[in-house]
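Spelled out from the first residue to the last, the chains are:
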Amino acid sequence: MISPQLLHRLRTAQRRSAEEQQLLSGRDWILVAGLVQLLSGLHPLFVLINQRVLGAPLRPGVAPGIQLAAEVVLAAVFVVLWLWARFAPFRAAGTAIVAFLLVHGALGLFEPRTLLAGAIVKSLILVGLVHAARTGYLRHRPL
Amino acid sequence: MKPPTLLTAEPADPTPDFGPRHRSGPLALFVAFFISFSAAGGGLVLWREGLRLWACLAALLFGAAAAWIFRSLVGRFRRHATPHRSHAVLTDVLGFDITGTCHDVAATVFFEPDSLAPGAATRVLIFVENYASRQRIARFRFGPHAALGLSEARTADLNLAAGQAALYVFPLAVVADAAAGEHDLPVTLRVECPTGAGLRLPVGRHHLHDLRTVHFAAPFTLDIASASSAPAAASEKPRYLSLASISEPAPRLELLAGALGTASTAGITPLPAEPL
């Protein structure tokens, strides 16, 4: 058997390490959000190809080219923020949330259906980014 | 970087691999269905287009892949019952905060002690436990870290038998002119399955996510005020100890106490009393 004092020491040190690992996972959430964002650009890409190559009729609303560009640029911004999160996790995650809301808010203003399409994916990305901001905020506090 | 050497924990764990080589979980079932539909659909379309040869080839190729996956699935269901149960040393016995595994290997990395003075000795403790029915090789890569005198990254390749729990102790000393403050030692874990994935052993009530690569950041605090005159324990050598084997009825925690109880306590900052 091991003494309660030793077990206490081990658990305390391990808990501190586990909290530090959570901060790392918060940073990874930004990268995952960027990748999911890139994947969600596949739908406007298919619509664009359908229109340009197969001659499908134009649909009302935001042009697929603009929507595709917005999704890809936002994904690139997330990747840059993921790199920045190494040094400033909370500010990077906060910026990611603001950028996400601005881009999708603007797309939603022009075409409200874009908010409904892929609402589950958007919610998942937002949950991940909020988690990243929360874990980044923990760095401000002593562990 | 030094070439890795595969380490085997002492005392050796004689537990052999058991269970099917392939896990054949829900993903395999999905792939099998997807390939079957592709084989049937693609073959029929090509047949109707008059491309009979291509239709046969497509059906043969996709059908063979689907049959191979279904065969491993049948093997999985036939040997579903696992004769052993994990001791769950990390999650239950020691009560560590473990949220996930890497290819079924649970791991945690931390310093003991983790509040140090410049020049003091410490140890990196790497606890690992294999929650699979087949052996694993856990490849740890840690460092470099200037404050710990690690000028280059070090590796530790730890062999784990089925269900085995083990502890790797790596002694370190803080350099005398290290800057005070919070430090992190970056550690990366990747796991290989040399004899196949095998089955997942039951691990109590815990649900652990499985990842391909796990990154740790083992924290420690350098405090000038707690500087100790005790010299760093330079004579201590890395040790790899087996803490539990599923071939044995109970974990061997006395080995853990023996490995940690006799070590130097230079630089330890007393922690406030807290209920376990």
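A. Geometry of the overall build of chain A. From N to C terminus, chain A includes 6 helices and 0 strands. The helix and strand sequence of chain A, counted from the amino end, reads α-α-α-α-α-α.

B. Molecular detail of the overall build of chain B. Regarding its fold elements, chain B presents 4 helices and 12 strands. The proportion of buried residues among the 276 residues of chain B is 38%. Long-range contacts, defined here as pairs at least 24 residues apart, represent 82% of the contacts in chain B between residues at least 6 apart.

C. Seen up close, the environment of Arg212 of chain B. Mapped onto the elements of the fold, Arg212 of chain B is located in the loop between strand 10 (209-211) and strand 11 (213-222). With 22 residues separating them along the chain, Arg212 of chain B and Arg190 of chain B place their C-alpha atoms 6.8 Å apart.

D. Structural context of the confidence of the model for chain A. Residues at a pLDDT of 70 or more form 94% of chain A, whose mean pLDDT is 82. The least confident element of chain A, judged by mean pLDDT, is helix 5 (residues 113-116) of chain A at 76; the most confident is helix 3 (residues 64-84) of chain A at 89.

E. Spotlight on the interface of chain B and chain A. Taken together, the contact between chain B and chain A spans 24 residues of the former and 21 residues of the latter. Those elements that provide at least two residues to the side of chain B that touches chain A are strand 3 (105-111), strand 11 and helix 4 (253-261) of chain B. No other element matches helix 4 of chain B, which puts 6 residues into the side of chain B that touches chain A. Classifying every residue of the side of chain B that touches chain A by side-chain character gives 15 nonpolar, 4 polar and 5 charged.

F. Structural detail: the sheet that holds strand 5 (residues 121-130) of chain B. Residue and element names in this part refer to chain B. Across the sheet, 6 strands lie side by side as 10-2-3-5-8-12; this open sheet has mixed pairing. The open sheet terminates on both sides in strands that have one partner only, identified here as strand 10 and strand 12 (239-244). Direction aside, the axes of adjacent strands within the sheet are offset by 35 degrees on average.

G. Molecular detail of the nonpolar core. Ala107, Val124, Ile126, Val128, Ala138 and Ala166 of chain B are the most contacted members of the largest nonpolar core, which has 61 residues in total. Other than its neighbours up to four places away in sequence, Val128 of chain B contacts Val105, Ala107, Ala138, Leu158, Leu160 and Ala166 of chain B. Judged by nonpolar contacts, the second largest core, of 15 residues, contains Ile30, Ala85, Ala92 and Leu129 of chain A.

H. How the structure looks around unusual backbone geometry. Residues and elements named next belong to chain B. Of note, the bond from Glu112 into Pro113 is cis; its omega dihedral lies within 30 degrees of zero at 0 degrees. Tracing the backbone shows Pro113 in the loop between strand 3 and strand 4 (115-116). Residue Pro144 is bonded to the preceding Gly143 through a cis peptide linkage, with omega at 0 degrees. Summarising the element assignment, Pro144 is placed in the loop between strand 6 (136-142) and strand 7 (154-160). Phi at Ala88 takes a positive value of approximately 50 degrees, unusual for a residue other than glycine. Its location among the elements puts Ala88 in the loop between helix 2 (52-78) and helix 3 (89-93). A positive phi is found at His103, a non-glycine position, where the angle reads about 50 degrees. Here His103 is to be found in the loop between strand 2 (100-102) and strand 3.

I. Highlighting the environment of Asp114 of chain B. Structurally, Asp114 of chain B can be placed in the loop between strand 3 and strand 4. Placed 69 residues apart in sequence, Asp114 of chain B and His183 of chain B show a C-alpha to C-alpha distance of 9.8 Å. If we ignore the near neighbours within four places in the chain, the residues touching Asp114 of chain B are Ala13 and Arg16 of chain A together with Pro219, Phe220 and Thr221 of chain B.

J. Expanded view of the packing of helix 3 of chain A against helix 4 (residues 89-110) of chain A. Residues and elements named next belong to chain A. Running from N to C, helix 3 and helix 4 cross one another at 175 degrees; their axes reach a closest spacing of 9 Å. Here helix 4 runs roughly antiparallel to helix 3, going by the angle between their axes. From helix 3, Gln67, Ala70, Leu74, Val77, Phe78, Leu81 and Trp84 reach across to helix 4, where they touch Ala92, Thr95, Ala96, Ala99, Phe100, Val103 and Leu107. Looking at side-chain class alone, the contact of helix 3 with helix 4 contains 12 nonpolar, 2 polar and no charged residues.

K. Geometry of the pairing of strand 5 of chain B. All names here are of chain B. With 10 of 10 residues buried, strand 5 lies mostly within the body of the structure. Of the two faces of strand 5, the one carrying Ala121, Arg123, Leu125, Phe127 and Glu129 and the one carrying Thr122, Val124, Ile126, Val128 and Asn130 are both buried. Sheet analysis places strand 5 next to strand 8 (residues 165-173), joined by 9 bridges and oriented antiparallel. Bridging from a neighbouring strand, Glu129 pairs with Ala165 of strand 8.

L. Seen up close, the confidence of the model for chain B. Residue and element names in this part refer to chain B. For chain B, the mean per-residue pLDDT works out to 80, and 84% of the residues sit at or above 70. No element of chain B has a lower mean pLDDT than helix 1 (residues 26-48), which averages 76, and none a higher one than strand 6, which averages 94. Predicted complex, confidence summary: ipTM 0.71, pTM 0.69.

M. Highlighting the sheet that holds strand 6 of chain B. One open sheet accounts for 6 strands, arranged 1-7-6-9-11-4 (chain B); its pairing is mixed. Looking along the sheet, the strands with just one partner apiece sit at the ends: strand 1 (6-8) and strand 4 of chain B.

N. Looking closely at the packing of helix 1 (residues 4-40) of chain A against helix 4 of chain A. All names here are of chain A. Where helix 1 meets helix 4, the axes come as close as 11 Å, and the angle between the chain directions of the two elements is 30 degrees. Viewed along their axes, helix 1 and helix 4 adopt a mutual orientation that is roughly parallel. Of the two elements, helix 1 crosses helix 4, and the hand of that crossing is left-handed. On helix 4, the residues that touch Leu23, Gly26, Arg27, Ile30 and Ala33 of helix 1 are Pro89, Ala92, Ala93 and Ala96. Residue composition of the contact of helix 1 with helix 4, by class: 7 nonpolar, 1 polar and 1 charged.

O. Fine view of the environment of Ala69 of chain A. By the element assignment, Ala69 of chain A lies in helix 3. Between the C-alpha atoms of Ala69 of chain A and Leu45 of chain A, which are 24 residues apart in sequence, the distance is 9.5 Å.

Parameters and conventions
Residues numbered from 1 in each chain as written. Chains lettered and ligands numbered in written order. Predicted model: local features only at pLDDT ≥ 70, side-chain atom pairs only at ≥ 80, totals over all residues. Helix = DSSP H or I, 4+ residues; strand = E, 2+ residues; numbered from the N terminus. Buried ≥ 20, exposed ≤ 12 C-beta atoms within 10 Å, placed from the backbone. Contact = placed C-beta atoms within 7 Å. pLDDT = per-residue confidence, 0-100. Nonpolar A, V, L, I, M, F, W, Y, C, P; charged D, E, K, R; others polar. Pairing = 2+ DSSP bridges. Axes fitted to C-alpha atoms, helices over the stretch in contact; angles between N-to-C directions. Core = buried A, V, L, I, M, F, W, Y, C linked by C-beta atoms within 7 Å. Parallel < 35°, antiparallel > 145°, perpendicular 65-115°, else oblique. Left-handed = near helix turned anticlockwise from the far one by under 90°.

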